[in-house]
Amino acid sequence: MEYRHLLISFADEQLKATIEDNATTRDFIEQLSMTINMHDLFNREKYAEISGLTVENTNTPHYSKGDISFYTPMETFVIYYKGDQEPLNGLVKMGEILKGVEILEDYPGDIEVTIDIE
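All of the points below concern the structure found in this document. (Residues numbered from 1 in each chain as written. Predicted model: local features only at pLDDT ≥ 70, side-chain atom pairs only at ≥ 80, totals over all residues. Heavy atoms only, no water.)

### Description of the pairing of strand β4 (residues 45-49)
Moving on, step 1. Where strand β3 (residues 34-41) and β4 come together, 3 bridges link them in antiparallel fashion. Opposite L41, over in β4, you have E45 as the bridge partner.
Moving on, step 2. The hairpin turn running from β3 into β4, its antiparallel successor, is 3 residues long, and F42 in that turn takes a positive phi close to 60°.
Moving on, step 3. Pairing analysis gives 5 bridges linking β4 to strand β7 (residues 76-80), with the strands arranged antiparallel. The partner of E49 across the bridge, within β7, is T76. (Pairing = 2+ DSSP bridges. Helix = DSSP H or I, 4+ residues; strand = E, 2+ residues; numbered from the N terminus.)

Okay, here's the thing in structure tokens:
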């Protein structure tokens, strides 16, 4: 895959994420750049509905803080900013924010996010 990182921007913040090489992530990258409204769930994750992505494999058995995933049952793009090794079925890992994801704790509720590639 020629792209190395996702850039996730909101308010005056920017997070950089590694990218997994899988069909779901490649389909997602084809839709970038995008601005979406992400909702908060359980003070641990931000999510937004993204439909039409190819799903090859959902064998990721859990999520960890910093993971970016596609949750297949609800067709949602998810950024996990709290939690570690929590089990959840139906995930395709798309990437990982290696530094700074906890800043999302400072943004309760919905936020507008722009996602692009680097």
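### What about the side chain of D67?
Moving on, step 1. Mapped onto the secondary structure, D67 falls in strand β6 (residues 67-71).
Moving on, step 2. The exposure class of D67 is buried, given its relative accessible area of 5%.
Moving on, step 3. Of the polar contacts made by the side chain of D67, one reaches the side chain of K93; its length is 3.3 Å.
Moving on, step 4. The residues contacting D67, other than those within four sequence positions of it, are H62, V78, I79, Y80, K93, G95 and E96. (Buried < 20%, exposed > 50% of the residue type's maximum accessible area, 1.4 Å probe, protein only. Polar contact = N/O pair within 3.5 Å; in protein donor to acceptor, adjacent residues only side chain to side chain. Contact = heavy atoms within 4.5 Å.)

### Let's talk about the environment of E20
Moving on, step 1. Tracing the backbone shows E20 in the loop between β2 (13-19) and α1 (23-30).
Moving on, step 2. For E20, a relative accessible area of 32% puts it in the partly exposed group.
Moving on, step 3. In this structure, the C-alpha to C-alpha distance between E20 and F77, residues 57 residues apart in sequence, is 14 Å.

As far as function goes, none of this settles anything; it's purely spatial.
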